[in-house]
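Here is what each chain is made of, one letter per residue.
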Amino acid sequence: MTGIIALYIFMLAAFTGYEVIGRVPVILHTPLMSGSNFVHGIVLVGAMVALGAASTPLEKAIGFVGVLLAAGNAVGGYAVTERMLQMFKSSKAAAASKGGDAPKAGEPPKGGDAPSKGSH
Amino acid sequence: MSHVGAAAVIQGSYLVTAFLFIMGLKRMSSPVTARSGIVWAGAGMVVATLATFFFPEMHNYPLMLAAMVIGGAIAWISGRRVAMTAMPQMIALYNGMGGGAAASIAAIELYRGGEATLSGAALAVVGGIIGAVSFSGSLIAFSKLQGLIQRSLRFTGQQVVNLLIAAATLVAGVLIVAQVDATASVVTALFVLALVLGITMTLPIGGADMPVVISLYNALTGLAVAFEGFVLGNAAMIIAGTVVGSAGTLLTQLMAKAMNRSLGNVLFSGFGETAAAGTATVTGSLKPIEAQDAGVMLAFAQSVIVVPGYGMAVAQAQHKIWELCQLLIDRGVRVRFAIHPVAGRMPGHMNVLLAEAGVPYDLIADLDEINAEFENADVALIIGANDVVNPVARTDRGSPIYGMPILNADKARNVIVIKRGQGAGFSGIENALFYLDNTRMLYGDAQSMGSALIAAVKSV
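Residues numbered from 1 in each chain as written. Chains lettered and ligands numbered in written order. Predicted model: local features only at pLDDT ≥ 70, side-chain atom pairs only at ≥ 80, totals over all residues. Heavy atoms only, no water.

Colleague: Explain the overall build of chain B to me, and be specific about the residues and the numbers.
Modeller: The helix and strand inventory of chain B stands at 18 helices and six strands. Dimensions of chain B, computed from the C-alpha atoms along their principal axes, are close to 80 × 55 × 35 Å. Expressed as a percentage of the 460 residues in chain B, the buried residues total 58%. Sequence-distant contacts, at least 24 apart, represent 77% of the contacts inside chain B between residues at least 6 apart. As displayed, chain B offers around 17500 Å² of accessible surface, 63% of which is attributable to carbon and sulfur atoms. A distance of 3 Å separates the average location of the 25 positive side-chain charges in chain B from that of its 25 negative side-chain charges. (Helix = DSSP H or I, 4+ residues; strand = E, 2+ residues; numbered from the N terminus. Buried < 20%, exposed > 50% of the residue type's maximum accessible area, 1.4 Å probe, protein only. Contact = heavy atoms within 4.5 Å. Areas by Shrake-Rupley, 256 points an atom, 1.4 Å probe, with all protein chains shown as cover. Lys, Arg positive; Asp, Glu negative; His and termini not counted. Charge placed at Lys NZ, Arg CZ, Asp CG, Glu CD.)

See the structure below:
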């Protein structure tokens, strides 16, 4: 990736982040902060690549810690965000069913726990 | 799989991940779609993680899997078990882990010394500093909110000391980037200094300001991830990190504004715990009321607005209060909850706590929506809230909270305040609302008073 392309990506992503959050109601501030906290858990892929390329014991040790921390960021961020958001219900939904209001996408709640499933 | 093929698969997967992250965040910004938003983002994370296993010429797979399983399992268990009231510090903890991971990537790159370009080395250094500061700073924020660190360390000349540490960190960074002295010891010094800086920057900040700081560190971690993404040439990290960096910055500003604080104020002064008591003298007297009478007042009201504060959550009274409100709703009373942006420990935290008790989100209104409605409310029921309903913020220029947006509970026809005792609020300021002619004080903890009010309403 050339430098200027990377800068374009940086600029456009910055605008995207600003616009996506722009009109968010206060009621969602805490879950949203938690959700964006989960998103930067993508650092996991960088930590994996860094550990994958590590050769000396020092590099391996740092890489191990990096992957461990990154996995904690991603999985923990998913766990708490999902817990908070699944509690938000409207009066209609609350009256219609107690707990029958399933999430739309077919992803199981454990979806954030991908790291431990990737053993192949 | 050939290297070319693997590269295409990986790049394609990262593109899908970036799309899922952005759509996920977008969906998370509306209560109707928020629940599916995190699932979208989660799917994106799974896609990126699986694709990364196909990265060419990687080693240390057993080590990698062990780290993932250990880190993931600890985080999953702690995340499932943590109480909703402790959510802000848990977010701080996970955020710090992300910052630490970004710093680790920088450390590996810098120890190896393989950065071919000046910009690559500079980005690795800056990302490493930010990540390390975010890591140690977030750990301090966690410790403070968790009550592990009770007081704020402050001494004269503290900001000079912090500036010196920051300057030393930068010098080490410049030495590395300029290849003047890029030995391992300088790299070590860089990270030690950055970690110390995170600690000394965060220690003097008071507990009340901590949410803003956590949000700031969240944005910083995003930025650190983006910078390390540049170093690794990883588009998924650049996009996700930058989106979080800018979204987090905006969120930090919104929070600081809701608390009537500027970011500079939060970072460089110590309001959080040492605010001077208000200068205004409050006239009038505190007029107590019995639960029975308060219950009757609620039962025969047409419109009731509940103003919950963190005190209610600490007493775990939200379930009782919601039970009370359901009784009132069944009697035909119009009940709504008014949430101040800083009710709870973080903007939006109170909404989470009410949602946990089963309160539907369409009964919950924020400050702008509800403030005009207080005039038409028969009763404003204040539970464990204090500074956020203090009319002094509108009237008394000398008060430390002057100018802070407040809920106009004083405009309601009657005000009932559930409060444990006669002490002042979090900021130590007398609350003029409690002394108004139409205010009645119901002394007791929110849990037992909730039960008493339920009994009173049932007996009507």
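Colleague: Can you explain the pairing of strand β2 (residues 334-339) of chain B? Please cite residues and give values.
Modeller: All names here are of chain B. With five of its six residues buried, β2 lies for the most part within the structure. Examined bridge by bridge, strand β1 (residues 303-308) and β2 share four bridges and lie parallel to one another. Each residue of the ladder has a partner; that of I305, found in β2, is R336. Note that β2 and strand β3 (residues 364-366) share three bridges and pair parallel. Bridge pairing in β3 links F337 to I364. A crossover connection joins β2 to the parallel β3 through helix α15 (residues 349-357); in handedness this β-α-β unit is right-handed. (Pairing = 2+ DSSP bridges. Right-handed = clockwise from strand over helix to strand, strands pointing away.)

Colleague: Would you mind going over the packing of aromatic side chains in detail, with residue names and values included?
Modeller: Going through the model one piece at a time under the given rule, you end up with six aromatic pairs over all chains. By way of ring pairs, the aromatic residues F10 of chain A together with F227 and F230 of chain B are connected into one cluster. Over the face of the ring belonging to F300 of chain B we find R331 of chain B, whose NZ or CZ atom lies 5.3 Å from the ring centre. (Phe/Tyr/Trp six-rings, centres within 6.5 Å; stacked < 30°, edge-to-face > 60°. Lys NZ or Arg CZ within 6 Å of the ring centre and 35° of its normal.)

Colleague: Outline the pattern of salt bridges, listing residues and values.
Modeller: According to the stated counting rule, one finds seven salt bridges over all chains in the structure shown. One salt bridge in this structure joins D410 of chain B and R394 of chain B, with 2.6 Å as the shortest N-O distance. Here R394 of chain B lies in helix α17 (residues 392-395) and D410 of chain B lies in the loop between α17 and β5 (414-419), a separation of 16 residues in the sequence. The network of salt bridges with shared partners includes E59 of chain A together with E109 and R112 of chain B. (Salt bridge = Lys/Arg side-chain N within 4 Å of Asp/Glu carboxyl O.)

Colleague: An account of the packing of helix α5 (residues 118-145) of chain B against helix α8 (residues 210-232) of chain B is needed here, citing residue identities and associated values.
Modeller: Residues and elements named next belong to chain B. The N-to-C vectors of α5 and α8 enclose an angle of 155 degrees; their axes lie 8 Å apart at closest approach. By the angle between their axes, α5 is roughly antiparallel relative to α8. In the packing of α5 onto α8, the handedness of the crossing is left-handed. Classifying every residue of the contact of α5 with α8 by side-chain character gives 16 nonpolar, eight polar and two charged. (Axes fitted to C-alpha atoms, helices over the stretch in contact; angles between N-to-C directions. Parallel < 35°, antiparallel > 145°, perpendicular 65-115°, else oblique. Left-handed = near helix turned anticlockwise from the far one by under 90°. Nonpolar A, V, L, I, M, F, W, Y, C, P; charged D, E, K, R; others polar.)

Colleague: Any details on the environment of A385 of chain B? Residues and values, ideally.
Modeller: All names here are of chain B. For A385, the location among the structural elements is in the loop between β4 (379-383) and α17. Exposure remark for A385: the relative accessible area of 6% places this residue in the buried category. Spatially, the C-alpha atoms of A385 and G37 are 32 Å apart, while their sequence positions differ by 348 residues. Apart from residues lying up to four places away in sequence, A385 is in contact with V307, P308, G309 and F434.

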